[in-house]
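Architecture and fold: a report
Chain by chain, the residues:
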Amino acid sequence: MKYKRLSPWMLSALSAALVTLGFGACKSNKELVQKREALNQKINILNQQIVESNLKLQRLQEIYENIGRGETVYGGPNNMEEARRRMRERHERERSEVEEQMQTVKNEIDSLDNELKIVGSELTKLNK
């Protein structure tokens, strides 16, 4: 009985067909790629949130700096001290409210940075 050998071209064509159908890929490699993609997406989302939080912080800092700018107190000599006192109290109150909001945004940015570091370390572990 005579066996017919397959030519090298035929073997390479068959292996290419098997690879294109997905039989040559390892399942764990696919999962690794999917995990990398998910982590990269999460990093992109976290970076976007950090940028938005920084913009919000800048707006709050501008508001804080503009409190009391260009404000004029009208009144005669008898009313001037009372008007200034009310204006200072209002400015202090507004500044304290804006400072609280700024601190909240700074805390958000810190937590996002920490989460970004964690996701970055997970991604480096996957790359190794």
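Residues numbered from 1 in each chain as written. Predicted model: local features only at pLDDT ≥ 70, side-chain atom pairs only at ≥ 80, totals over all residues. Heavy atoms only, no water.

What follows deals with the pattern of salt bridges. If you walk through the whole model with that rule in mind, you get 6 salt bridges. Linking E81 and R84 is a salt bridge whose minimum nitrogen-to-oxygen distance equals 3.5 Å. Taken together, the residues E81 and R84, both in helix α3 (residues 77-127) and 3 residues apart, mark about one turn of the helix. Note on E81: relative accessible area 51%, which makes it exposed. A residue is classified by how much of its surface remains accessible, and R84, at 37% relative accessible area, is partly exposed. Notably, a salt bridge pairs E89 with R85, separated by 2.6 Å at the nearest N-O pair. With E89 and R85 both in helix α3 and 4 residues apart, this pair spans about one turn of that helix. You can call E89 partly exposed: its relative accessible area is 38%. The structure contains a network of salt bridges with shared partners spanning E82, R85, R86 and E89. (Salt bridge = Lys/Arg side-chain N within 4 Å of Asp/Glu carboxyl O. Helix = DSSP H or I, 4+ residues; strand = E, 2+ residues; numbered from the N terminus. Buried < 20%, exposed > 50% of the residue type's maximum accessible area, 1.4 Å probe, protein only.)

Along the polypeptide, K117 turns up in helix α3. A relative accessible area of 60% means that K117 is categorised as exposed.

On to the side chain of H91. Turning to its location among the elements, H91 is positioned in helix α3. For H91, a relative accessible area of 9% puts it in the buried group.

Considering the arrangement of structural elements, one finds E115 in helix α3. Residue contacts for E115: discarding those within four places in its chain leaves K42 and L46. (Contact = heavy atoms within 4.5 Å.)

Averaged over all residues, the pLDDT of the chain equals 83, while 82% of them reach at least 70. The weakest mean pLDDT in the chain belongs to helix α1 (residues 8-21) at 72; the strongest belongs to α3 at 89. (pLDDT = per-residue confidence, 0-100.)

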